[in-house]
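# Summary of the model geometry
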Amino acid sequence: MMNGAMPTSSSSSSSWQLLHFITSSMSMNISSSSSSSSSNCRSSISSISPFYPISNSVSGANNNLSLLLLPQTNKKTYRCASTQVQEVTKTNNENRKVGRRKSQFEIENLTSWLLKQERQGNIDAELTIVLSSISLACKQISSLLQRATISELTGSQGYINVQGEDQRKLDFIANQVFCDCLRSSGRTGIIASEEEEVPIAVEETYSGNYTVVFDPIDGSSNIDTALTTGSIFGIYTPQDHQCIADYDTNDQSMTLGEEEQRCVVSVCQPGRNLLAAGYCMYSSSVIFVLSVGKGVFSFTLDPMYGEFVLTQKNIQIPKSGKIYSFNEANYQLWDDKLKKYIDDLKVMPCNSKDNDNANANNNNKRYSARYIGCLVGEIHRTLLYGGIYGNPANIKRKEGNLRLLYECAPMSYLVEQAGGKATDGHRRILDIEPDEIHQRVPFFIGSPEEVEKLEKYLA
Ligand SMILES: O=P(O)(O)OC[C@H]1O[C@](O)(COP(=O)(O)O)[C@@H](O)[C@@H]1O
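Residues numbered from 1 in each chain as written. Predicted model: local features only at pLDDT ≥ 70, side-chain atom pairs only at ≥ 80, totals over all residues. Heavy atoms only, no water.

## As for the overall build of the protein chain
Per the secondary structure count, the protein chain includes nine helices and 21 strands. A buried classification covers 51% of the 459 residues belonging to the protein chain. Sequence separation of 24 or more characterises 63% of the internal contacts of the protein chain that already satisfy a separation of 6 or more. (Helix = DSSP H or I, 4+ residues; strand = E, 2+ residues; numbered from the N terminus. Buried < 20%, exposed > 50% of the residue type's maximum accessible area, 1.4 Å probe, protein only. Contact = heavy atoms within 4.5 Å.)

Laid out in structure tokens, this is it:
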């Protein structure tokens, strides 16, 4: 029951009523100043929702009021007798005349952001649903990872996957989670996954028919040690034909018929065709980073209410950076030009101009090495701090290590949207046409000045 508010007849002429919360009794262990006096509606305001403390700054010098605009209802309007409320009402009405000012209480989350992109014509309703289903898969995978040791989901699945790697239990489960979420969206026509030998035609599609490629868990070797992992996804435009390949992916003797081959071909598109791409990083925070072709946006999972909350808009990668990220255990396997580049990084001053440099003289600022064994984590750090990540070919892996379709291309799309560059050492990653689903490429990505510096060495 709200103390202090006195019900009045709904006299408001505006299409909105002001609903006045006296939330002193709702204070959720969030400190707030209070001068509670029931007669004049003063109250301590702590939060409208139990999770977002709000300041006493709705309007008016000493208003301790939180106001919500709610649709017209025929219920009685709870209106406080205080004159301040009338002032706030007047202010809100004036604000409305100049266009509704964003309320400080509005929290933009992934759902509302996607709907805004749809309203602006950047994506259609089907793609909104596909992206929502992907974010749901990421939430589920995040929960599975955080409880892996409790649920005994660490360790090997006991199966060598199509990559020739020992598939982890959570690689297998996360792949199922992704496939199930995409199937239930009803908008996905074809799925290509790192954990699936060939693309999967989705029978449940009834609209949209998008092609989705993904790595359900990137950095799998980090799972058992609870270090950073991630999921990577890319979405290509629907194909003009329904991919009806229904081959049995467990049939080792399987040969692809003409229809199946068409299905594979329709998945093998260059990254420049991507409509959207992103990743979810599972670390100290769970962060969903996405681009639909109009910049890069970052959403942090708020565990208090299970939503991805918008935390960074239009991320721009620094033009240069002092961090380089290579697995130097492979140094002796690299070609001489790359060895020379790495050798020089150790002695040349870097040209990053970050502001936290204690030594004002940037000229003798040195490079620093970081390597966490998870592409998603390396890219997230590089996106925010600048620098370069590389996973080169070597004499044992002449074609490279990382997969073009569902690792390098989506990451390259994202980093280019943020003003960065991605190359195989000679070609732009997004221009490379995949010949097969699991094709590997040498991969260098990061700040434009750092990638250009590397390309000069490899020319
Ligand atoms: O072990 P390497 O050769 O340094 O490669 C590490 C890279 O391989 C990966 O772990 C490949 O990812 P997967 O775990 O999906 O196979 C990347 O995340 C990481 O950047």
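## Here's the deal with the site of the ligand
With respect to spatial proximity, 18 residues lie near the ligand, and among them Asp-218, Gly-219, Tyr-371, Leu-375 and Tyr-389 are the closest. Here an oxygen atom of the ligand and a backbone polar atom of Gly-219 are 2.9 Å apart. Residue Asn-327 places a side-chain N or O atom 2.9 Å away from an oxygen atom belonging to the ligand. Coverage of the ligand by the protein amounts to 80% of the 470 Å² it exposes when considered alone. Of all elements in the fold, only β9 (210-218), β17 (388-391) and β18 (402-403) reach the threshold of two or more residues within the shell around the ligand. At three residues, the largest contribution of residues to the shell around the ligand is made by β9. (Near = heavy atom within 4 Å. Polar contact = N/O pair within 3.5 Å; in protein donor to acceptor, adjacent residues only side chain to side chain. Areas by Shrake-Rupley, 256 points an atom, 1.4 Å probe, with all protein chains shown as cover.)

## Quick word on the state of the cysteines
All told, the structure shown has zero disulfides when counted by the stated rule. The thiol of Cys-408 is unpaired, and the distance to the nearest cysteine sulfur, on Cys-374, comes to 13 Å. Judged by relative accessible area, which is 0%, Cys-408 ranks as buried. (Disulfide = S-S within 2.5 Å.)

## Notes on the sheet that holds strand β19 (residues 421-423)
Pairing within the open sheet is mixed, and its five strands lie in the order β16-β15-β17-β21-β19. Pairing within the sheet leaves two strands with one partner each, and these edge strands are β16 (368-369) and β19. By the bridge criterion, two bridges tie strand β15 (residues 323-325) to β17 in an arrangement that is parallel. The partner of Tyr-324 across the bridge, within β17, is Ile-388. Against the sheet, helix α8 (residues 404-417) makes contact with β19 and β21 (443-446), and its axis sits at roughly 25° relative to β21, the strand it touches most. (Pairing = 2+ DSSP bridges. Axes fitted to C-alpha atoms, helices over the stretch in contact; angles between N-to-C directions.)

## Observations regarding the pattern of salt bridges
Enumeration over the complete set of coordinates arrives at 20 salt bridges. We note a salt bridge from Arg-403 to Glu-165, for which the minimum N-O separation is 3.3 Å. Of this pair, Arg-403 sits in strand β18 while Glu-165 sits in the loop between β5 (156-160) and β6 (166-168); the two residues are 238 residues apart in sequence, bridging distant segments of the chain. Take Glu-165: its relative accessible area is 26%, and that puts it in the partly exposed class. Its salt-bridge partner being Lys-421, residue Glu-452 comes within 3.6 Å of it at the nearest N-O pair. Of this pair, Glu-452 sits in helix α9 (residues 448-458) while Lys-421 is found in strand β19, placing the two residues 31 residues apart along the sequence. With relative accessibility at 32%, the residue Glu-452 sits in the partly exposed group. Members of the salt-bridge network, linked through shared partners, are Arg-272, Glu-416, Arg-428, Asp-431 and Glu-433. (Salt bridge = Lys/Arg side-chain N within 4 Å of Asp/Glu carboxyl O.)

## Things to note about the domain arrangement of the protein chain
Domain boundaries assigned for the protein chain yield domain 1 (110-246 + 256-314) and domain 2 (323-347 + 365-458). Here the C-alpha centre of domain 2 lies 22 Å away from the C-alpha centre of domain 1. Listed by partner, the interface residues are 49 residues for domain 1 and 32 residues for domain 2. Among the salt bridges present, the one from Arg-272 reaches Glu-433, with a minimum N-O distance of 3.0 Å. Our count for the contact surface shared by domain 1 and domain 2 stands at 21 residue pairs in polar contact (both at pLDDT 80 or more). Contributions of two or more residues to the side of domain 1 that touches domain 2 are made by β7 (188-193), β9, β10 (229-236), α5 (258-267), β11 (274-282) and β12 (286-291). The element contributing the most residues to the side of domain 1 that touches domain 2 is β11, with eight residues. Its residues placed into classes, the side of domain 1 that touches domain 2 shows 24 nonpolar, 17 polar and eight charged. (Domains from an automatic or database assignment. Nonpolar A, V, L, I, M, F, W, Y, C, P; charged D, E, K, R; others polar.)

## Details of helix α3 (residues 125-146)
Along its 22 residues, α3 runs 32 Å from first to last C-alpha, staying within 8% of the 32 Å computed at 1.5 Å per residue. Three or more residues of α3 are buried, namely Leu-127, Thr-128, Val-130, Leu-131, Ser-133, Ile-134, Ser-135, Ala-137, Cys-138, Ile-141, Ser-142 and Leu-145. N-capping of α3 is provided by Asp-124, with a side-chain oxygen placed 3.1 Å from the backbone N of Glu-126. (Expected span 1.5 Å × (residues − 1).)

## Comments concerning the packing of helix α6 (residues 336-345) against α9
Each pair of packed helices gets described by two things: the angle between the helix axes and the distance between those axes. In the contact formed by α6 and α9, the axes pass within 8 Å of each other and the chain directions differ by 135°. On the basis of their axis angle, the class for α6 and α9 is oblique. Taken as a pair, α6 and α9 cross one another with a handedness that is right-handed. Facing α6, whose interface residues are Lys-337, Leu-338, Lys-340, Tyr-341 and Asp-344, α9 presents Glu-450, Leu-454, Tyr-457 and Leu-458. (Parallel < 35°, antiparallel > 145°, perpendicular 65-115°, else oblique. Left-handed = near helix turned anticlockwise from the far one by under 90°.)

## Quick word on the pairing of β11
Burial analysis of β11 places eight of its nine residues in the buried class, the great majority of the element. Here β10 pairs with β11 via eight bridges, running antiparallel. The residue of β11 that forms the bridge with Ile-235 is Ala-276. Pairing analysis gives six bridges linking β11 to β12, with the strands arranged antiparallel.

## Structural notes on the packing of aromatic side chains
Per the counting criterion, the structure on display carries twelve aromatic pairs. One aromatic cluster is present, built from ring pairs that chain together Phe-326, Tyr-331, Trp-334, Tyr-341, Phe-444 and Tyr-457. (Phe/Tyr/Trp six-rings, centres within 6.5 Å; stacked < 30°, edge-to-face > 60°.)

## Observations concerning α8
Within α8, twelve of the 14 residues are buried, which leaves it mostly tucked inside the rest of the structure. Just downstream of α8, Gly-419 is the residue with a positive phi angle, here 95°.

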